[in-house]
Amino acid sequence: MATTTATAEDFAGQDRATHYEASQPKTPFWRTTRTYLGVLIIVLWGLLPFYWMVVTSFRDLQFTFDTTPWPTHVTLDNFRTVFETNRGNHFGRALVNSLIIGAVTTVIGLVAGVFAAYALARLDFRGKYVVLGVVLGASMFPGVALVTPLFQLFRNIGWFGTYQALIIPDISFVLPLTIYTLTAFFREMPWELEEAAKIDGATPGQAFRKVILPLAAPGLFTTAILAFIAAWNEFLIASQLSNDRTQPVTVAIASFTGSQPHVEPYTAVMAAGTVVTIPLIVLVLAFQKRIVDGLTAGGVKG
Amino acid sequence: MQLKHKVGVVALALMAAPLAACGSSDSASAGGNSAFQDHLKDRGPITYVQGKDNSGVVQPLLDKWNAAHPDEKVTLKEQTDEADQQHDDLVRNLDAKNADYDVMSVDVVWTAEFAAKGYLQPLEGDLAIDTNGMLQPTIDSGTYNDKLYAAPMSSDGGLLYYRSDLVKSPPKTWSEMMDDCSIAKQHHMDCYAGQFQKYEGLTVNASEAINGAGGSIVGDDGKTPTVDSPEAAKGLDQLVQAYSDGNVPKAAITYTEEEGRIAFEQGKLLFLRNWPYCYSLASTEDSSKVKGKFDVAPLPGADGVGASSLGGHNLAISAYSDNKATAIDFIKYMESEEAQKFALEKGSLAPVISSLYQDPALTKKYGYLPTLLTSIQNAVPRPITPFYPAVTKAIQDNAYSAMKGEISSQEAVKNMSDAIKSASSGS
Amino acid sequence: MAVEQTTPTIDDADTEPRKTGRRARPARREQLDPHQSRRAALLIAPTIALLLIVIGYPVARAVWMSFQQDQSLDPATQMFVPGGFAGLDNYKHWLLQQCGDATCAPGTTAAGFWEVVWITVFFAVVSVAIELVLGFWFAIIMNGKFRGRGLLRAAVLVPWAIPTAVTAKLWYFIFAYDGIANHLLGTHIVWFSDKWAARAAIIVSDVWKTTPFMALLILAGLQLISSEIYEAAKVDGASAWQRFTSITLPLVKPALMVALLFRTLDVLRMYDLPAIMTGGGAGDGNDTSTLSILVVQEVRSNFNSAAALSTLTFLFVFLVAFMFIRFLGANVVDDGGRKR
């Protein structure tokens, strides 16, 4: 096989299928149908339960278990219930908490991560593998093991229910995530960059700031999204270390007190779920290509 | 490579060990909490924490207080309606010495545990409260080690709800009730349900079954298990048999108080064991189909009147509250005759003031009061021990396994006994 | 550049030109530079410091706690007082079911330990197996030729983007007694009171959430395989199945093993789904309790015992990871390939 043989990198950003098509006779109809059928299954798989959640969130509580596939008994009551504060729920506040915790954790993860990733991807030094191993070990770490000691510690120093009490443990999984993803992105960048910058008389620091970082911006952006989503998603640690005032949306949803005295407030919970998910879906739709690249390049963690 | 990575991780841990060594010891709630001396005379806004208010009783009472005390407003913080979650929420916040929780509604079975952990402010001295005129069982439920830690607010005894239009006179013994199940079958209804989900409610029902058959869970010291006895096994077996015979519907194994109440209100149950709060809801709710068609009776035992578990809630002040003077005044308000009457009316919450049970006007209006008083006076409290969470788990887990047919009743009570023994020794 | 793909290893990375990536990296000797080591140390320092604080310290502290006794009742005051040194008692409590001098009876938290371990492993094996098979199938479909990749990508990312807590509540609703699952299946199962139904419900929701993600990871591996190999094989007369087993599987294996490793670890650490779906957050049903749930339950009453349990959990997870890396060839730390 000659060197003109294409490799995966040549298809970056391009549908692999088009290349395939150029060198093949037209595919038989049944094969196309089969493929589209498969695609349909996958699309339904991902979207149907989510669709059901949204439909239910617009459905009147009396008809919670109506099984009509399209919206019926449409009402905005559930969303009103979600944001009511007279029953001890403070969903609006929970949203703000999630935002704060997610943003701060992401920033810390990015800053520390970008430096570490650069070193791991572009520099050679002794102990590199130890560091890689440590980061790897951190990514395998069960968060539950943090709960007991941190709970006791924070309780003793009066940090129970503060933002820092939630941000600190979140770093334990966000940081390895950012390092992995960024390392992969940094590896993809051309090696000549530093050389060229050196020739132009730049110090390594300048090279980093003026040449590498701007080029890595898309990777940084993607990593930020992945990190934010990971922090937003967190439940276990938040449920144990937060209090009423600082609990994020995941905890708020899990302990939702409904307006009706005796019915589990399914429709309101679905509404809350919709509210929590919509911004993430928007993010995902807007940056889907980047996210997929990021997930498959560096971050294996879900 | 793999070895290097492991070495790296271990090295990290070892490096951090010295940090831990100079870490503080567990300075958690020691006996004789120093916080008991703090804020005894302070006044200001406070938060009142209780489980879900299913009957809408609390907010009107708070509104009245807030109107009269604009500088010492009380905010309601409602937890979920599950006792176990309420317990855990309180433990977490009190353990963290959270000053946000000032007055709390504490289930009677938590008094010993919370008091022993130093969470509750002893109600003495400046914070003393006059308990004259209150039902003795309720005062006992707020006392630990001869000190009052929680002031009685509402009591609770189990009642047997039955369809008076279908059953002429309520069954006095368990076997009579099982005989009445033929009526249920005639009308395509389920016969009997209680609370059989694996949670505190199951401990209540299992204890009632055991106590009603002449058994007991623990001895007088609250610690030594006495549940490994033929009577106890017989009592538990009543439930097990009824479940396997179908007299208790299969779905009832997931029932908490609410599911049972709804089933009864929908006309699906002939007999229901539940707390008094259901009475007003079943009589007045729009969705209730049994209005005017039901009545209450004392629980049926093996040979006669059964032994209800003593339920109820007391009001306690957190040792870490910033405004304890306001807190105690608020508690006195909630225990006033007026507030008690309102709670009775709106939520059929059993009052703790004995004279209210003798009040002719009230008795006329709430026909079930005498039945309720009987229930409370004959109630057997659940084990009073600081290790209650472990004890109740021992009872729940084994009762649940027995009902599902996984173990025999004899085995269940033996396991309960062993588990209670290890729980009480602190392991 | 050669088309055949071998698993890049550490040794290859520095001496051969990289097989993927835009440019070959200069040989090691040219790069090594004393300044680099110092620079690298500075760059890595914040990360190491952070990790020491957020993981190193808590772990060390938990280990220390695990050797302490929990609060006991002071007979004089009848109040709880801190305990003293416990030696290995807490570990024996869990591993050997020792409650004081006796064996822990059913109804104590420790009595359920081995059952919970079994349930956790069960979830891991079943969920990951299903996700693997389904994920692979999805990946093959996604690797095909069609229009509308954007929609597909979005649909695939939705389950991943939804917070697990929301997923748990959603499937809790779907599997409610009057919910749509019973409706569509025509059954009347009380999903969350039956042991196996509850476990099935949890596995279903986990599989829903993660299969698309697995599919993406596998797809990335599939996309590295050039179509020419398949062409050559077809010309040689290989059947579809043979192409799959001799070409696809071996070439995808590196990506697959890493994905498998992290997914398995994820399930072993699972908390959100079973905690929220069974017991409404309290996770009291032992039938579906995972190790993480057990730890959280124990933290409520006995810290030090919980610390021992969480240390055991932590060791267990690392043991599984070690076995994956050592024996199954999950090549996670790899300097020359696309991953890490």
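What you see is a predicted model; the values in this text were computed from it and never measured. (Residues numbered from 1 in each chain as written. Chains lettered and ligands numbered in written order. Predicted model: local features only at pLDDT ≥ 70, side-chain atom pairs only at ≥ 80, totals over all residues.)

1. Concerning the overall build of chain A
(1) Moving on: When helices and strands are tallied, chain A shows 13 helices and zero strands.
(2) Moving on: The linear arrangement of helices and strands in chain A, starting from the amino end, is α-α-α-α-α-α-α-α-α-α-α-α-α.
(3) Moving on: Burial statistics for chain A: of 302 residues in total, 50% are counted as buried. (Helix = DSSP H or I, 4+ residues; strand = E, 2+ residues; numbered from the N terminus. Buried ≥ 20, exposed ≤ 12 C-beta atoms within 10 Å, placed from the backbone.)

2. Thoughts on the overall build of chain B
(1) Moving on: Each helix and strand counted, chain B has 17 helices and eleven strands in total.
(2) Moving on: Computed over C-alpha atoms, the radius of gyration of chain B comes to 23 Å, within 12% of the 22 Å expected from 2.2 N^0.38 for 427 residues, which places it in the range of a compact globule.
(3) Moving on: Along the three orthogonal principal directions, the C-alpha set of chain B runs to about 75 × 65 × 40 Å.
(4) Moving on: The burial tally for chain B puts 56% of its 427 residues in the buried class. (Rg over C-alpha atoms; globule rule 2.2 N^0.38 Å.)

3. Digging into the pairing of strand β9 (residues 269-274) of chain B
Sheet faces and side chains relate simply in a regular strand, where the side chains alternate between the two faces.
Residue and element names in this part refer to chain B.
(1) Moving on: Most of β9 sits out of view: six of its six residues are buried.
(2) Moving on: Relative to β9, strand β7 (residues 159-163) runs antiparallel, the two being bridged by four bridges. Along β9, the bridge assignment pairs Y161 with L272.
(3) Moving on: Across three bridges, the pairing between strand β8 (residues 190-193) and β9 is parallel. By the bridge assignment for β9, Y192 is matched with F271. (Pairing = 2+ DSSP bridges.)

4. Points about the interface of chain C and chain A
(1) Moving on: Across the boundary between the two partners, chain C contributes 100 residues, which contact 101 residues of chain A.
(2) Moving on: With 17 residues, the single largest contributor to the side of chain C that touches chain A is helix α3 (residues 34-66) of chain C.
(3) Moving on: For the side of chain C that touches chain A, the class distribution of residues is 63 nonpolar, 20 polar and 17 charged. (Contact = placed C-beta atoms within 7 Å. Nonpolar A, V, L, I, M, F, W, Y, C, P; charged D, E, K, R; others polar.)

5. Some points on the sheet that holds strand β1 (residues 46-50) of chain B
Residue and element names in this part refer to chain B.
(1) Moving on: Spatially, five strands are ordered β2-β1-β3-β11-β6 in an open sheet, and the strand pairing comes out mixed. Both outer strands of the open sheet, β2 (74-78) and β6 (151-157), are each paired with one neighbouring strand and no more. The sheet shows a mean angle of 20° between the axes of neighbouring strands, taken without regard to direction.
(2) Moving on: Relative to β2, β1 runs parallel, the two being bridged by five bridges. If you follow Q50 over to β2, its bridge partner there is E78.
(3) Moving on: Docked against the sheet, helix α2 (residues 58-68) engages β1 and β2, running at close to 160° with respect to β2. (Axes fitted to C-alpha atoms, helices over the stretch in contact; angles between N-to-C directions.)

6. Here we look at the nonpolar core
(1) Moving on: Core analysis: the biggest nonpolar cluster contains 305 residues, and I253(A), A272(A), L236(B) and I218(C) have the highest contact counts within it.
(2) Moving on: Considering each element in turn, this core owes the most residues, 15 residues, to helix α7 (residues 163-188) of chain A.
(3) Moving on: Ignoring sequence-local partners within four residues, the contact set of I253(A) consists of V269(A), A272(A), G273(A), V276(A), A165(C), V166(C) and K169(C). (Core = buried A, V, L, I, M, F, W, Y, C linked by C-beta atoms within 7 Å.)

7. Let's talk about the pairing of β6(B)
Residue and element names in this part refer to chain B.
(1) Moving on: Burial runs high along β6: seven of the seven residues are buried.
(2) Moving on: Bridge count between β6 and strand β11 (residues 310-317): six bridges; the pairing is antiparallel. Residue D156 lies in a different strand from β11, and its bridge partner there is G311.

8. Side note on the confidence of the model for chain A
Residues and elements named next belong to chain A.
(1) Moving on: On average, residues of chain A score 81 in pLDDT, and 86% of them are at 70 or above.
(2) Moving on: Averaged over each element, pLDDT in chain A is lowest for helix α1 (residues 16-22) (49) and highest for helix α4 (residues 91-122) (92).
(3) Moving on: Segment residues 1-21: pLDDT under 50, and 23 contacts once partners within four positions in sequence are set aside and those in other chains are kept. (pLDDT = per-residue confidence, 0-100.)

9. Some details on helix α3 (residues 83-95) of chain B
(1) Moving on: Look at α3(B): 18 Å from first C-alpha to last across 13 residues, which is about the 18 Å you get at 1.5 Å a residue.
(2) Moving on: Counting buried positions along α3(B) gives eleven out of 13 residues, so the element sits mostly inside the fold.
(3) Moving on: Here α3(B) has its buried residues at A83(B), D84(B), Q86(B), H87(B), D88(B), D89(B), L90(B), R92(B), N93(B), L94(B) and D95(B).
(4) Moving on: Buried residues in α3(B) make contact with α6 (144-156) of chain A together with β3 (103-107) and α7 (200-212) of chain B.
(5) Moving on: In the stretch just after α3(B), K97(B) is the one whose phi turns positive, near 55°. (Expected span 1.5 Å × (residues − 1).)

10. Let's talk about the packing of helix α2 (residues 29-57) of chain A against helix α6 (residues 149-161) of chain C
(1) Moving on: Orientation of α2(A) relative to α6(C), taken along the N-to-C sense of each, is 45°, at an axis distance of 8 Å. On the basis of their axis angle, the class for α2(A) and α6(C) is oblique. Crossing handedness for the pair α2(A) and α6(C): left-handed. Every residue of α6(C) that contacts α2(A) at V39(A), I42(A), V43(A), G46(A), L47(A) and F50(A) is listed here: L151(C), L152(C), A155(C), V156(C), V158(C) and P159(C).
(2) Moving on: Its residues assigned to classes, the contact of α2(A) with α6(C) comprises eleven nonpolar, one polar and no charged. (Parallel < 35°, antiparallel > 145°, perpendicular 65-115°, else oblique. Left-handed = near helix turned anticlockwise from the far one by under 90°.)

11. Let's talk about the packing of helix α12 (residues 266-286) of chain A against α6(C)
(1) Moving on: Where α12(A) contacts α6(C), the axes come no closer than 10 Å and their chain directions differ by 145°. Of the two elements, α12(A) crosses α6(C), and the hand of that crossing is right-handed. Residues L280(A), I281(A), V284(A) and L285(A) of α12(A) lie in contact with α6(C), whose contacting residues are A154(C), L157(C), V158(C) and A161(C).
(2) Moving on: Of the residues in the contact of α12(A) with α6(C), the class split is eight nonpolar, no polar and no charged.

12. Let's talk about the environment of G87(C)
Residue and element names in this part refer to chain C.
(1) Moving on: When you line up the elements, G87 lands in the loop between β2 (79-81) and α4 (89-95).
(2) Moving on: Judged by local crowding, G87 falls into the exposed class, with 10 C-beta atoms found within 10 Å.
(3) Moving on: Taking the C-alpha atoms as reference points, G87 and S226, separated by 139 residues in sequence, lie 59 Å from one another.

13. Things to note about unusual backbone geometry
Residue and element names in this part refer to chain B.
(1) Moving on: Positive phi is not limited to glycine here, since N145 has a value of about 55°.
(2) Moving on: With respect to the helices and strands, N145 occurs in the loop between β4 (143-144) and β5 (147-148).
(3) Moving on: The phi dihedral of H188 falls on the positive side, at around 55°, and the residue is not glycine.
(4) Moving on: Residue placement: H188 occurs in the loop between α6 (174-186) and β8.

14. A short note on the sheet that holds β7(B)
Residues and elements named next belong to chain B.
(1) Moving on: Spatially, four strands are ordered β8-β9-β7-β10 in an open sheet, and the strand pairing comes out mixed. Looking at the sheet topology across the chains shown, the edges are occupied by β8 and β10 (294-297). Averaged over all pairs of adjacent strands, the angle between their axes in this sheet comes to 15°, without regard to strand direction.
(2) Moving on: Bridge analysis of β7 against β10 gives four bridges, and the strand direction is antiparallel. Looking at β10, one finds that R163 is bridged to F294.
(3) Moving on: Strands in contact with α6 are β8 and β9; relative to β8, the strand with the most contacts, it is inclined by about 140°.

15. Some words on the environment of P152(B)
All names here are of chain B.
(1) Moving on: Within the secondary structure layout, P152 lies in strand β6.
(2) Moving on: Sequence spacing of P152 and L349 is 197 residues, and the spatial spacing of their C-alpha atoms is 12 Å.
(3) Moving on: Those residues in contact with P152 that sit more than four places away from it in its chain are M134, T138, I139, S141, G142, N314 and V352.

16. Regarding the environment of T264(C)
All names here are of chain C.
(1) Moving on: Checked against the element boundaries, T264 lands in helix α11 (residues 240-268).
(2) Moving on: A residue is classified by how many C-beta atoms lie within 10 Å of it, and T264, with 21 of them, is buried.
(3) Moving on: Separated by 141 residues in sequence, T264 and F123 have C-alpha atoms that sit 9.3 Å apart.

17. Re the confidence of the model for chain B
All names here are of chain B.
(1) Moving on: Here chain B averages 86 in pLDDT, while 92% of its residues score no lower than 70.
(2) Moving on: When mean pLDDT is taken per element in chain B, β3 scores highest with 95 and helix α1 (residues 2-21) scores lowest with 46.
(3) Moving on: For residues 1-8, every residue scores under 50 in pLDDT, and the model assigns this stretch 15 contacts once sequence neighbours within four places are set aside.
(4) Moving on: The low-confidence segment residues 13-31, where pLDDT is below 50, has 40 contacts with residues more than four positions distant or belonging to other chains.

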